[in-house]
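# A structural walkthrough
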Amino acid sequence: MSAQNIPTKLEGSYGWTSVAFVNGSASQPTAGAGLMVFDGAGNLSGFYSGNYLGNPTKEKYEGTYSVNPDGTGSLEFKQSNGYLTYDLFIVSGGDEVFLVNTQPGILQTVHLKRQ
């Protein structure tokens, strides 16, 4: 892909799914699905429904993100139990985004698709 075709901006609504393991243990799984809205200026908001350590949960969140010229970046959001941080990778011309959690003890990837 040539440099001029790499998306460097996120804007709009994306649906997402995720499976994760907390504390680095396969015995402590989590799963969720939700929506994330990027404003094109570095702010995001959204909500999700999921299961955390066997307990159903629903959360709203908001945060910030930045995108580098190569289509990579970082993202952070706050929810009721604290902050989550990720590296991001814009793929498929901006129609999809991959996230990987950057916090110790959390094994998580998130797959976003443009609505």
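Residues numbered from 1 in each chain as written. Predicted model: local features only at pLDDT ≥ 70, side-chain atom pairs only at ≥ 80, totals over all residues. Heavy atoms only, no water.

### A few points about the sheet that holds strand E2 (residues 29-39)
Taken in spatial order, the 8 strands close into a barrel running E1-E2-E3-E4-E5-E6-E7-E8, and their pairing is antiparallel. Taken pair by pair, the neighbouring strands of this sheet meet at an average axis angle of 25 degrees, ignoring direction. Looking at chain direction, E2 and strand E3 (residues 43-52) are connected through 9 bridges and run antiparallel. Across the sheet, Ala-31 pairs through a bridge with Asn-51, a residue of E3. (Pairing = 2+ DSSP bridges. Helix = DSSP H or I, 4+ residues; strand = E, 2+ residues; numbered from the N terminus. Axes fitted to C-alpha atoms, helices over the stretch in contact; angles between N-to-C directions.)

### Focus on the packing of aromatic side chains
Summed over all chains, the structure comprises 6 aromatic pairs. Ring centres of Phe-38 and Tyr-65 lie 4.9 Å apart, and the angle between their planes is 85 degrees; this geometry places the pair in the edge-to-face category. Within this pair, whereas Phe-38 is found in strand E2, its partner Tyr-65 is found in strand E4 (residues 55-67), the two being separated by 27 residues in sequence. Judged by its relative accessible area of 9%, Tyr-65 falls in the buried class. Seen in terms of ring centroids, Tyr-48 and Tyr-61 are 6.2 Å apart; in terms of plane orientation they differ by 40 degrees. Their pairing is tilted. Here the residue Tyr-48 occupies a position in strand E3, and Tyr-61 occupies one in strand E4, the gap between them amounting to 13 residues. (Phe/Tyr/Trp six-rings, centres within 6.5 Å; stacked < 30°, edge-to-face > 60°. Buried < 20%, exposed > 50% of the residue type's maximum accessible area, 1.4 Å probe, protein only.)

### Here we look at the confidence of the model for the protein
Residues with a pLDDT of 70 or more make up 94% of the protein, whose mean pLDDT is 91. The least confident element of the protein is strand E1 (residues 11-22), whose mean pLDDT is 94; the most confident is strand E7 (residues 96-101), at 98. (pLDDT = per-residue confidence, 0-100.)

### Some remarks on the environment of Gly-94
Tracing the sequence through the fold places Gly-94 in the loop between strand E6 (82-91) and E7. Assessed through its relative accessible area of 2%, Gly-94 is described here as buried. Considered as a pair, Gly-94 and Gly-34 are 60 residues apart in the sequence and their alpha carbons are 18 Å apart. In this structure, Gly-94 is in contact with Pro-7, Tyr-14 and Arg-114, ignoring residues within four places of it in sequence. (Contact = heavy atoms within 4.5 Å.)

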